[in-house]
2 protein chains.
Amino acid sequence: MEIVKNIPGGVAAAKGFKAAGVYCGVKRAGYPTNTVTAASILANENIQREHKPDLALIVSEVPCTAAAVFTRNLVKGAPIVVCKDHLAKSKIRAIIANSGNANTCNFDGVEKAEAMCAAAAEALGINAEEVLVASTGVIGQILPIEPIQDGIPYLVKNLAADGTKAAEAIMTTDTVCKQYAVQVTIGGQTVTIGAMTKGSGMIHPNMATMLAFVTTDCAISSEMLDKALRSVVGDSFNMLSVDGDTSTNDTLAIIASGLAGNDEIAAEGEDFDIFVAALLDVCVYLTRMMAKDGEGATKLIECAVKGGATVADAKTVAKSVICSPLLKSAMFGCDANWGRVLCAIGYSGANTDVTKIDVTFRSAGGEVTVCQNGAGVPFSEEIAKEVLSADEVIVDVTLRDGDAAATAWGCDLTYDYVKINGDYRT
Amino acid sequence: MEIVKNIPGGVAAAKGFKAAGVYCGVKRAGYPTNTVTAASILANENIQREHKPDLALIVSEVPCTAAAVFTRNLVKGAPIVVCKDHLAKSKIRAIIANSGNANTCNFDGVEKAEAMCAAAAEALGINAEEVLVASTGVIGQILPIEPIQDGIPYLVKNLAADGTKAAEAIMTTDTVCKQYAVQVTIGGQTVTIGAMTKGSGMIHPNMATMLAFVTTDCAISSEMLDKALRSVVGDSFNMLSVDGDTSTNDTLAIIASGLAGNDEIAAEGEDFDIFVAALLDVCVYLTRMMAKDGEGATKLIECAVKGGATVADAKTVAKSVICSPLLKSAMFGCDANWGRVLCAIGYSGANTDVTKIDVTFRSAGGEVTVCQNGAGVPFSEEIAKEVLSADEVIVDVTLRDGDAAATAWGCDLTYDYVKINGDYRT
């Protein structure tokens, strides 16, 4: 099986999908007014050039099977309530999403989320229940619905086979637009999986503060699509942490048009395995992109654990290491303070013999073993500095409890994380 | 019952206790050498003036009943292993503690910790098993024992009824020396409880990266002393978090000389209740001091929860709020981003109805209610800024699930936290 990586088009790469993004002014105070009208924002090329888009639309030519996972936070964004309802009732034709406001903890949140779906449905000539909806941004501020309602017809007019504008429209503190697509051959047909994601802060396993939308032309039953999604999320998005905060609005949705022409995947087997492998590749790629672009981050930290008693133990250890603020700060300072790795393993709650742990730091700059059997070994501080100065650093943790492995992704903790989050609302 | 607060003397305030601190050069590279001798450091007044002490000794005239709680991290500092052994075998006469090196994750850690006890015992003419030992600092570097062995006789010579030097000697990144003492009347006798603590980073419930030593002249059985300690730790030190990292060396020990002359407290009753109330006052005071002096902190954050279904739920909510890096960053920026409070409650794991939560920020600068019944209410950003600019900010969370209350303490997350931890070892 070969996965052809980095296909262009992002979330609009697969057959039957188009996307668009526009700046409609969700965050613009006092809109609409007599002077600030929809036309003055949406049709003004200068304003569109100057502002990051804040409203995204993804559309499928045909009804799609769909699957999704959502935040486990008890405080759930209103869009999540609406998505769950629509997924239970209908196949999916479109996804509408805004940044700049999370539409969460508001008395009228569900009403506004439904209004977003209704506006998209009207402009596309489909049913409101065929639309998924997502919002990301500040919690607890009333969502202005007018700019979104005004913006949707403009989005429909600008739909194209390129996901870039849509991916840009869901960015918040992200500094990099995150999209990716791959192709595999299933049953003799080329199957494409495209995706876009956002997420930079408030990111923690189960799940990140993230929106991730995946589109595919694979013909696959909704049961198997759900199974595929759930089998990859535990090894990708749920192994990501930027700051330990689990957001209220996390949404990962996949919709499948079936237009690739392969025989529908309706059971486990070779076709399903290929699809899952390709989907895992997509999700891990996006996870790494989010970790590397974590708020204020200067580098990606990957913790690769092997030798765990169980996969759950290996995952617990890997997550605990990448979540430690002390280790994250040390990585920022390129300081090989491996005691903090041991410490984080020790309080993780994993079942492990801490006197048998090895730790090695590894990167494009080389590698350096700093701990064997739970105790320090002499190492060159100079080489360690070189290793830790790379923009992707791997912390290899070898346990001696069994054969299980797991990988988690995070980033360093920097001045800029504090700066970004010290005054996010203004 | 009246608690007389802020008695002078710290850990040496209670009858029968003396303490001392000295700079012996634990962190000094290459010591001892031909030119750097014990005398050249310990007897040199200039060197002693220029350096923070790094070795502390607390001594009791008489054998003490003792109780202690230790870190739950699986990686445990060698001194903890030795303390547990000594506590099981003997009453306690002295505590020896160093900063600059945690004596953890070293092949010879237990041997070195025993050597510290042996050196103290020899200088004091007591048994090594009558000595408790603690170390704090970098993990995984071999502890140089010579400076400690050389320093102990000097400590013994300088024992005094003032805990200040000893309290200074256990500081690491602490910016403030932390000691406190109170007096209460038990059975007609004045009972004194004195204490010192250190802890600034790697601080998290169960327990903080902290050393805390409490001395009292109260006559109390070791069973009741243990019971008193365990009953207060859950409402003080275990409700503290600076950064979510649970250290390997956390130690809270209390020793009781019995010299106050009260009838020994050997069962529950009024005397025990007075003692527990005074001990709780001491522990909460020290907890607040540590929170306020959290690494890089500019302010103390207190989360006071009421209306919880159970005390466990109220504690879970309070801890989750003060642990959220996003809220901590917002507090640094004086940004009333209350959505982050709701978010942290939602992912805490507590059993609560999130649609019935009220949130108020309160300080010497005033108070401002920002959320009622889980949704935002209009508030003055100006007043909010004023409230959040104080150096102690209280986040009042009202749940409507029951009658349980709990309080947790933490601090804001600042540039300086990152700076301090980006290069801690050098």
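All of these numbers come straight from a predicted model, not from anything done at the bench.

Draft legend 1. Spatial organisation of the relation of the copies chain B and chain A. Taken as rigid bodies, chain B and chain A are interconverted by a rotation of 180° and an axial shift of 0.0 Å, the fit giving an RMSD of 0.0 Å. Taken together, the rotation and translation describe the operation of a two-fold axis. Using C-alpha coordinates, one finds that chain B approaches the rotation axis most closely at Y415 of chain B, a distance of 2.4 Å. Of all interface residues in chain B, 98% are interface residues in chain A too; the two copies therefore contact each other through one and the same surface.

Draft legend 2. The arrangement of the nonpolar core in detail. All names here are of chain A. Core analysis: the biggest nonpolar cluster contains 83 residues, and F237, L252, F275, L279, V341, F361 and V397 have the highest contact counts within it. With 12 residues, helix α8 (residues 270–292) is the largest single contributor of residues to this core. Setting aside residues no more than four positions away along its own chain, V341 makes contact with V321, L327, V359, F361, V395 and V397.

Draft legend 3. A look at helix α13 (residues 415–422) of chain B. Burial in α13 of chain B covers these residues: Y417, V418, N421 and G422 of chain B. Take α13 of chain B and look down its axis: the buried residues cluster within an arc of 120°, on one side only. In this structure, the buried residues of α13 of chain B make contact with α10 (325–332), α11 (339–346) and α13 (415–422) of chain A.

Draft legend 4. Just the interface of chain B and chain A, in detail. Contact residues are listed per partner, giving 53 residues for chain B and 52 residues for chain A. If you look at where chain B meets chain A, you find 0 salt bridges. Secondary-structure elements contributing two or more residues to the side of chain B that touches chain A are α10 (325–332), α11 (339–346), β12 (375–376) and α13 of chain B. Ranked by residue count, the leading element in the side of chain B that touches chain A is α13 of chain B, at 6 residues. Residues that form the side of chain B that touches chain A fall into these classes: 24 nonpolar, 19 polar and 10 charged.

Draft legend 5. Up close: the pairing of strand β13 (residues 392–398) of chain B. Residues and elements named next belong to chain B. Here β13 lies mainly inside the structure; 5 of its 7 residues are buried. In this structure, strand β9 (residues 300–308) lies alongside β13, joined through 7 bridges in parallel fashion. When the bridges of β13 are listed, C303 appears paired with V395. When strand β10 (residues 358–363) meets β13, the two strands line up antiparallel, connected through 6 bridges. Bridged to S363 within β13 is V393.

Draft legend 6. The environment of G258 of chain B, seen in detail. All names here are of chain B. Looking at where G258 falls in the secondary structure, it is placed in the loop between β8 (251–256) and α8 (270–292). It is 4.7 Å that separates the C-alpha atoms of G258 and D217, two residues lying 41 residues apart in sequence. Those residues within four positions of G258 in sequence are excluded, and the remaining contacts are T216, D217, C218 and A219.

The rules behind these values
Residues numbered from 1 in each chain as written. Chains lettered and ligands numbered in written order. Predicted model: local features only at pLDDT ≥ 70, side-chain atom pairs only at ≥ 80, totals over all residues. Heavy atoms only, no water. Least-squares fit on C-alpha atoms with pLDDT ≥ 70 in both. Contact = heavy atoms within 4.5 Å. Core = buried A, V, L, I, M, F, W, Y, C linked by side-chain atoms within 4.5 Å. Buried < 20%, exposed > 50% of the residue type's maximum accessible area, 1.4 Å probe, protein only. Helix = DSSP H or I, 4+ residues; strand = E, 2+ residues; numbered from the N terminus. Arc of directions from axis to C-beta. Salt bridge = Lys/Arg side-chain N within 4 Å of Asp/Glu carboxyl O. Nonpolar A, V, L, I, M, F, W, Y, C, P; charged D, E, K, R; others polar. Pairing = 2+ DSSP bridges.

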